Amino acid sequence: SQPFAASNSTHHTPVGEVTTQVMANPGGLCFELVTCSSAPGVVLTGPPSLDYTWFEGYTWQVCICAGCTTHLGWYYAKWAPQ
């Protein structure tokens, strides 16, 4: 299961293996957060980062489409110190 920043969520809808939430960033911009257990055709780019993470203790990486390289979002993973 994926972690959620529930205090920022205005709507939370589980649908099978996918969950969506409407969130707002500190600037007030609303966006839809979609979490899923797998995403075929998605490629992770760049090294994992803890900078500006939405979820404490989780790193993030940019996700792009393997076919057209369009930015799709971010992948979060539990941080494991080396």
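No experiment lies behind these values; they were computed from the predicted model shown. (Residues numbered from 1 in each chain as written. Predicted model: local features only at pLDDT ≥ 70, side-chain atom pairs only at ≥ 80, totals over all residues. Heavy atoms only, no water.)

A few points about the overall build of the protein chain
Going by this rule: Only DSSP runs of H or I with at least four residues qualify as helices, and only runs of E with at least two residues qualify as strands; both kinds are numbered from the N terminus onward. For each residue, the accessible area found with a 1.4 Å probe, counting protein chains only, is set against the maximum for its type, and the residue is called buried under 20%, exposed over 50%, and partly exposed in between. Contacts are residue-level and defined by heavy atoms, with any inter-residue pair within 4.5 Å sufficient. Residue-level accessible areas treat just the shown protein chains as cover; the underlying method is Shrake-Rupley with a 1.4 Å probe.
Scanning the protein chain from N- to C-terminus turns up zero helices and six strands. Starting at the N terminus and ending at the C terminus, the protein chain contains elements arranged as β-β-β-β-β-β. Looking at the protein chain as a whole, 20% of its 82 residues are labelled buried. Here the contacts in the protein chain between residues at least 6 apart in sequence split such that 15% fall between residues at least 24 apart. For the protein chain, the exposed area adds up to about 5900 Å²; of that, 59% sits on carbon and sulfur atoms.

Digging into the pairing of strand β3 (residues 30-36)
Regular strands place their side chains on alternate faces of the sheet. Using the following cut-off: Each pair of strands is called paired provided DSSP finds at least two bridges between the two strands.
Across seven bridges, strand β2 (residues 18-24) lies against β3 in antiparallel orientation. Within the sheet, the bridge partner assigned to Q21 lies in β3 and is L33. Where β2 folds back onto β3 in an antiparallel hairpin, the turn is made up of five residues, including G28, whose phi is positive at roughly 90 degrees.

A closer look at the side chain of Q61
Our working rule: Counting of polar contacts relies on pairs of N or O atoms within 3.5 Å, with two restrictions inside protein: one atom must be capable of donating a hydrogen and the other of accepting it, and residues adjacent in sequence are counted only when both atoms are side-chain atoms.
Tracing the chain through its elements places Q61 in strand β5 (residues 58-65). The exposure class of Q61 is buried, given its relative accessible area of 15%. Looking at Q61, its side chain comes within polar contact range of the main-chain oxygen of G46, at 2.7 Å. In this view, Q61 contacts L44, T45, G46, P47, P48, G73, W74 and Y75; residues no more than four positions away in its chain are not counted.

Describing unusual backbone geometry
Of note, the phi angle at Y52 is positive, near 55 degrees, even though the residue is not glycine. With respect to the secondary-structure elements, Y52 resides in the loop between β4 (42-49) and β5. On the basis of relative accessible area, Y52 is assigned to the exposed category, the value being 81%. Phi is positive for T69, which is not a glycine, with a value near 65 degrees. Among the residues examined, T69 registers a relative accessible area of 54% and is labelled exposed.

Focus on the pairing of strand β6 (residues 71-78)
Alignment of β5 against β6, held across seven bridges, turns out to be antiparallel. Looking at β6, one finds that C63 is bridged to G73. Linking two consecutive strands that pair antiparallel, namely β5 and β6, is a turn of five residues; a positive phi of about 65 degrees is found at T69 within it.

That's the geometry; what it means functionally is another story.
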